[in-house]
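Chains, contacts and geometry: an overview
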Amino acid sequence: MWQLADKTISSRLLIGSALYPSPDVMQKSIKASGSEVVTVSVRRQNVSAESETGHDFWRLLQELKINILPNTAGCHSVKEAVTTAQMARELFDTNWVKLEVIGDEYNLQPDPFALLEATKELISQGFEVFPYCTDDLVLCQKLVEAGCRILMPWGSPIGTGKGLLNPYALKNIRERLPEITLIVDAGIGLPSHAAQALEMGYDGVLLNTAVAQASDPVKMAQAFKYALLAGREGYEAGAIQERNLAKPSTPTIGTPFWHQS
């Protein structure tokens, strides 16, 4: 069990609800993942009762009985992100929000200046902000100073599946912010990428495309479930230090030697 904001949960996988072949596959995949937190885009999903598609989508999520993390995907300005977060609080009855403020359309990189400004505004309004940011240590420190208890630096650009492109930067963030909940968000493509993040000491991983667009989303979701368990166990077990020289694992003391004359 671990603490995510004001919730005590067991799974360290946060999973998205978009891009699946069908709503049924989405629900089965989320179940298979063991995740207890699912992200929902206010801009992509119409959850109003007037929409049949939106009603079915919302019903399937409710049946899972897990925590909803609304996000501000697609927002490009502070005003747009803050307004979307306010709408999400009304729709989903939660003060949680995954804050995204996109600064570049090519790689969907967050705008660090707008992100920080929107974070300060939403925290002042009582939101628990989960900021999607780059692996910039100074930005992460500024977000913590603004009141964030959780940070979500990217592994690589959204949907690329490239994994952790800058492990050095991610390790620095973990070492410099030991008390902050850290979740790698974006760029995860393989279960091994997720395991690597947890082996570094990250608290969790948020992903969507890696499961939703896999050939078999349900099986891939289950693979991520086990990868995260292995990664966390590996971190808690304490890895050996890397060495430049080989060191035998079998001692030579007491080993018989034969010398041919």
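Since the structure is predicted, the reported quantities are computational estimates derived from the model, not experimental observations.

**Side note on helix H1 (residues 23-33)**
For H1, the set of buried residues is Met26, Gln27, Ser29, Ile30, Ala32 and Ser33. Positive backbone phi, at 75°, marks Gly34, one or two positions downstream of H1.

**Some remarks on unusual backbone geometry**
Residue Ala5 is not a glycine yet carries a positive backbone phi of 55°. Positionally, Ala5 belongs in the loop between strand S1 (2-4) and strand S2 (7-9). Although it is not a glycine, Leu19 adopts a positive phi angle of roughly 75°. Relative to the elements of secondary structure, Leu19 occurs in the loop between strand S3 (13-16) and H1. Overall, Leu19 belongs to the partly exposed group, its relative accessible area being 48%.

**A few points about the packing of helix H4 (residues 112-124) against helix H5 (residues 137-145)**
Closest axis-to-axis distance for the H4/H5 pair is 10 Å, and the angle between their directions is 10°. As judged from the angle between their axes, H4 and H5 are roughly parallel. Helix-helix and strand crossings are classified by hand; for H4 and H5 the assignment is right-handed. Judged by residue contacts, Pro112, Leu115, Leu116 and Thr119 of H4 engage Leu139, Lys142 and Leu143 from H5. The class makeup of the residues in the contact of H4 with H5 is five nonpolar, one polar and one charged.

**Notes on helix H9 (residues 217-237)**
With 21 residues, H9 extends 30 Å from end C-alpha to end C-alpha; this agrees with the ideal 30 Å at 1.5 Å per step. Where the residues of H9 are buried, they touch S3, H1, helix H7 (191-199), strand S10 (204-207) and helix H8 (209-212).

**Overview of the packing of aromatic side chains**
According to the stated counting rule, one finds one aromatic pair in the structure shown. Between the aromatic rings of Trp96 and Phe130, the centroid separation amounts to 5.1 Å while the plane-to-plane angle is 50°, which identifies the pairing as tilted. Highlighted residues: Trp96 in strand S6 (residues 96-99) and Phe130 in strand S7 (residues 128-133), separated in sequence by 34 residues. The class for Trp96 is buried, based on a relative accessible area of 3%. Take Phe130: its relative accessible area is 0%, and that puts it in the buried class. Above the ring of Tyr132, the side-chain terminus of Lys98 is found at 5.6 Å from the ring centroid.

**So, the pattern of salt bridges**
This model, assessed by the stated rule, comprises seven salt bridges. Lys98 serves as the salt-bridge partner of Asp185, at 3.1 Å between the closest nitrogen and oxygen. Taken as a pair, Asp185 in strand S9 (residues 181-185) and Lys98 in strand S6 lie far apart in primary sequence, 87 residues in all. Comparing Asp185 with Lys98 shows no difference in burial state: the two are buried. In this structure, Arg149 and Glu128 form a salt bridge, with 2.4 Å as the shortest nitrogen-oxygen distance. Here the residue Arg149 occupies a position in the loop between H5 and strand S8 (150-153), and Glu128 occupies one in strand S7, the gap between them amounting to 21 residues. According to the relative accessible area criterion, Arg149 is partly exposed, its value standing at 44%. Look at the salt bridges and you will find they share partners, linking Lys98, Glu100 and Asp185 into a network.

**A word on the pairing of S3**
Of the two faces of S3, the one holding Leu13 and Ile15 and the one holding Leu14 and Gly16 are both buried throughout. Of the pairings in the sheet, the one linking S3 to S10 comprises three bridges and is parallel in character. Residue pairing for S10: Leu14 is matched across the bridge by Leu206. Pairing between S3 and strand S4 (residues 37-41): three bridges, direction parallel.

**Structural notes on the side chain of Arg12**
Mapped onto the secondary structure, Arg12 falls in the loop between S2 and S3. For the buried residue Arg12, which engages in no salt bridge, the nearest side chain bearing the opposite charge is Asp203, 4.2 Å off. When residues no more than four places from it in sequence are discounted, the contact partners of Arg12 are Trp2, Leu198, Asp203, Gly204, Val205, Leu228 and Arg232.

Cut-offs applied
- Sequence positions are assigned chain by chain, starting from 1 and proceeding in written order.
- Per-residue local features are limited, in this predicted model, to residues with pLDDT of at least 70; the limit for side-chain atom pairs, both in listing and counting, is 80 or more; totals at the level of whole chains, interfaces and linings are taken over all residues.
- The basis for every side-chain value is the complete set of non-hydrogen atoms in the structure, without hydrogens or water.
- Each residue's exposure class comes from its accessible area (1.4 Å probe, protein chains only) as a fraction of the maximum for that residue type: buried when under 20%, exposed when over 50%, partly exposed otherwise.
- The numbering of helices and of strands both runs from the N terminus, where a helix is a DSSP run of H or I of at least 4 residues and a strand a run of E of at least 2.
- Axis lines are fitted to C-alpha atoms, over the contacting stretch for helices. Their N-to-C directions set the angle, which ranges from 0 to 180 degrees.
- Note that the term roughly parallel is reserved for angles under 35 degrees, roughly antiparallel for angles over 145, roughly perpendicular for angles of 65 to 115, and oblique for everything else.
- Note on convention: near helix rotated counterclockwise from far helix by under a right angle means a left-handed crossing. Clockwise means right-handed.
- Two residues qualify as a contact provided that any one of their heavy atoms is within 4.5 Å of a heavy atom in the partner residue.
- Just so you know the grouping, Ala, Val, Leu, Ile, Met, Phe, Trp, Tyr, Cys and Pro go in nonpolar, Asp, Glu, Lys and Arg go in charged, and all remaining residues, Gly too, go in polar.
- Helices are assigned an expected span. That span is 1.5 Å times one less than the residue count.
- Two rings from Phe, Tyr or Trp (for Trp, the six-membered ring) form a pair when their centres are within 6.5 Å of each other. A pair whose planes differ by under 30 degrees is stacked, one over 60 is edge-to-face, and the rest are tilted.
- In this analysis the charged atom, NZ for Lys or CZ for Arg, is taken to sit over a ring once it is within 6 Å of the ring centre and within 35 degrees of the ring normal.
- Here a salt bridge means any side-chain nitrogen of Lys or Arg lying within 4 Å of a carboxyl oxygen belonging to Asp or Glu.
- If DSSP finds at least two bridges between two strands, the strands pair.
- Counted charges follow a simple rule, with Lys and Arg positive, Asp and Glu negative, and His plus the chain ends left uncounted.

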